Amino acid sequence: MSVRNQLRLLLGGLGAGRSARPASRSAMGEFLERSRLVGVLIFIVTVTAIVVISSAGLTTLDAPLLPNQTATTRVSAQASFDYESAERTRAAREQLRNRVPPVYKLDTEPLRRFGAAARMLLTQLAAFEQARPGTTEPILTHRSELAAIADTFNSHGSYHATPEDIGSVLAAGDTRARAAIFENGLATLRDLYAQGIADSSLSTPDPGSALAFELARQGGGFAQRPVHSMEDALTVLRVSLGSEQTPRTSTQAVFRLFRFGLSPNLVFDRTATATRQNAAAKAVQPVTVKVPRGQTLVEAGDRVTPDVYEALIAHRRYLREHSEVDTEEGLTLFGRVLLVLAMVIASLIYIRIEDPETLRSNVRCGLLALVVIGNLALVRANYSLGGAEFFLRDEAWASTLPYVAPTAFAPLIVAILIDAGSGIFMALFVSIFTGVIYGNRLDLLVLTFLASLVAIYFGRDARRRGRLVRAAGMGGLTVAAFAALIGFADRTPLETLLRQMAASLGTGVLTGIGVVGLLPVLESLFKRTTDITLLELTDYNHPLLRRMQLEAPGTYHHSLVVAQLSENAANAIGANPLIARVCALFHDVGKTLQPQYFAENQRDRSNPHDQLTPVESARLIKAHVNDGVDLAQGHNLPRAVVDAIRQHHGTSLVRYFYDRAVEETRGGPARGRGARREAAEAAKAAATRPVDEAAFRYEGPKPQSREAAIISLADGVEAASRSLKQFGAEELQQIITRIVGERIAEGQLDESPLTLEEITRIRNSFQFTLLNMLHARIAYPTPEKPAAEAGA
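What you see is a predicted model, and the numbers here were worked out from it, not measured in a lab. (Residues numbered from 1 in each chain as written. Predicted model: local features only at pLDDT ≥ 70, side-chain atom pairs only at ≥ 80, totals over all residues. Heavy atoms only, no water.)

> Give me the packing of aromatic side chains: which residues, what numbers.
For the structure shown, the criterion picks out 14 aromatic pairs. Judged by centre distance (6.4 Å) and plane angle (85°), the rings of Tyr540 and Tyr556 are edge-to-face. Separated by 16 residues along the polypeptide, Tyr540 in the loop between helix H25 (531-537) and helix H26 (543-551) and Tyr556 in helix H27 (residues 553-573) bring together distant segments of the chain. Look at Tyr556 and you get buried, because its relative accessible area is 14%. Each residue in the set Phe114, Phe153, Tyr159, Phe182, Phe258 and Phe260 is aromatic and connected to the rest through ring pairs, giving one cluster. (Phe/Tyr/Trp six-rings, centres within 6.5 Å; stacked < 30°, edge-to-face > 60°. Helix = DSSP H or I, 4+ residues; strand = E, 2+ residues; numbered from the N terminus. Buried < 20%, exposed > 50% of the residue type's maximum accessible area, 1.4 Å probe, protein only.)

> Break down the nonpolar core for me, citing the residues and quoting the values.
If you look at the biggest cluster of nonpolar residues, it comprises 52 residues, and the most contacted ones within it are Phe586, Val641, Ile762 and Phe766. Aside from chain neighbours lying at most four places away, what touches Val641 is Leu537, Val582, Cys583 and Phe586. In terms of nonpolar packing, the next biggest core, distinct from the first, is built from 48 residues, Val340, Phe391, Tyr438 and Leu468 among them. (Core = buried A, V, L, I, M, F, W, Y, C linked by side-chain atoms within 4.5 Å. Contact = heavy atoms within 4.5 Å.)

> Which residues make up the side chain of Glu523, and what values go with them?
Here Glu523 is to be found in helix H24 (residues 494-526). With no salt bridge to any partner, buried Glu523 finds its closest opposite charge in Arg465, at an N-O distance of 4.6 Å. If sequence neighbours within four positions are ignored, Glu523 has contacts with Leu417, Arg528, Thr529, Thr530 and Thr533. (Lys, Arg positive; Asp, Glu negative; His and termini not counted. Salt bridge = Lys/Arg side-chain N within 4 Å of Asp/Glu carboxyl O.)

> An account of helix H23 (residues 465-489) is requested, with residue identities and associated values reported.
Over its 25 residues, H23 extends 37 Å from the first C-alpha to the last, a length consistent with the 36 Å expected when each residue adds 1.5 Å. Buried within H23 we find Leu468, Ala471, Ala472, Gly473, Gly475, Gly476, Thr478, Val479, Ala480, Ala483, Ala484 and Gly487. Buried-residue contacts for H23 involve helix H19 (401-404), helix H20 (409-417), helix H22 (442-459), H24 and H25. One or two steps after H23, the chain reaches Arg491, where phi turns positive at roughly 60°. (Expected span 1.5 Å × (residues − 1).)

Structure follows, in structure tokens:
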């Protein structure tokens, strides 16, 4: 409620309503800003655009599903197709590989070593017998010699012959009989080695089963041959060495010696086995899978296995190659419209509760509609890239697309241009439709919403453009961190995971750069001003401020004081102190065109108004408002600054010259050229015509915002405080109360949203600031000069 209406309510009721909008605002501008018809049109365009973006041509064909991910939608074949399944072919070939028996080769080296040792043993036994003929118990009389023979035999391999075994072999007969026994044993070993002896540790076979092994004499070919187990080979060897003519102890000793020559001789041939397996795998024909139309490829909630992923890619490629196939999946348009309507209405309710001024402004609503439509269009364009051949071929790069979507773009812009609350709701809005576009992905909805919140948090009070890039980068870093966690949970390959993280971080930085580049355009287009732009305008080297310093130093100092008063008062009532400060710095910039007509710039105390009539002086004084507006618009200052320049005097009177004019009409002293004659004429006309008040009144409009009203009050208080001879708290309080009371009585605050409580806080802030700015200083005594120096 305005100040005047509050006073009228206190006095007993409300009178006339607020005054009409200032005429300076064009009818077209007012229509576009406040018309309900325009608001409805914005609503319809927004709903239609979001429905088109989120549903038109949107099918599960481009849904970015990757192996090991959980499908978020049910995908069915939209046409009958067939494809060669690499996964199933690989599985069939692998199965056949496992069925190919291993290939072994025969190792005859153990037999050769044992044969040499056996022949050496026969030679040594013959020599021993020839050197000691007639020895009946050699083990008792020549044990050391037999031990030496046993050691020589054992040195040929891992043999463990004992002197007792050597003595028993010596007792088997003469040299010829021993040679026959050994030849029979070696022949048996050759037969066993030729057939193959399998170790019991091999998983193949029970005794008698066949193993395929390579025979060198067959030119490297393969043959199926029965092999002996170690137990069977020992049995065959025992039977072949048994003889009735040989003593039992000697037969057992010979068996123990020949047992050392029996060892498994099947060696696994890795190269030959791989060759046979590869040959068998090549013989398998590629598996062709036929998929009828309507068959479900994957259900929502199922994990995408490699063979399912292959079917999805084949389905997508078939539909891309056969464009004549109808790819409409019957997404319910009515349901999508209802979803969009629900979200837009929820947005309107939120804005109505939190920021009703935005809902009353078509410009702000248009800004919200534009950024959300633009952001969703970017998301949809990014989604459509999934159908490109490059991403169809490379699933690792295709997996980065959801993380490249710039979902924080609109929320960050809205948070800066309007407020953080609207930005948060915008983040939820964009995240919901991003999840819908990407196939109802809840994980993507939560992740993008979190990233947008992080970006808004770090950029909510940004006063440097670089901080916006950092804020968006923090959002991208958040996406990268959670993408890593989700990737570990889904067992995503490390290379793919690194690409997703890099894409997330890069998208965040690029989003910040895009926001920085687009902000000036949106500020100009929608007449919004960010704190970043305002802070840049506080640079005292701005051309207008620099010009004021050089050409109107008194006005510049006055503006600095008004800026300090306005900033502190804005802080006191919760208004925007930065806007108040910037607008106060530029509020009197129009005085730089004719600075000599304003008292604060008249350094030589000469007053050019002494040579002018009151009407001419008032015209020159009032001109600084329009001159300031022209200068501000010429230097592209924000709308808030232009409005403050236009409104800081409202429709008040140029009181000093108006009183002079009234005095002159009453016959008072007149000044200026032809002063006496004009005074006489004015006195003559006074009885018939009063002073035209409109000639001495500013054109307005009255202050429309709290910041403009504060500047208006601060301007009058600062100027009036210059007339004080003593700067005490009581004197300041009186003059502040008088100035504020006059503005209220004249109705200058009627169109501003200030309340009586806020005006009281403003008055207290003015008093506190001025007391600290206009404080007294101690007068230091002048030191007395020495008498001699004074005389000199």
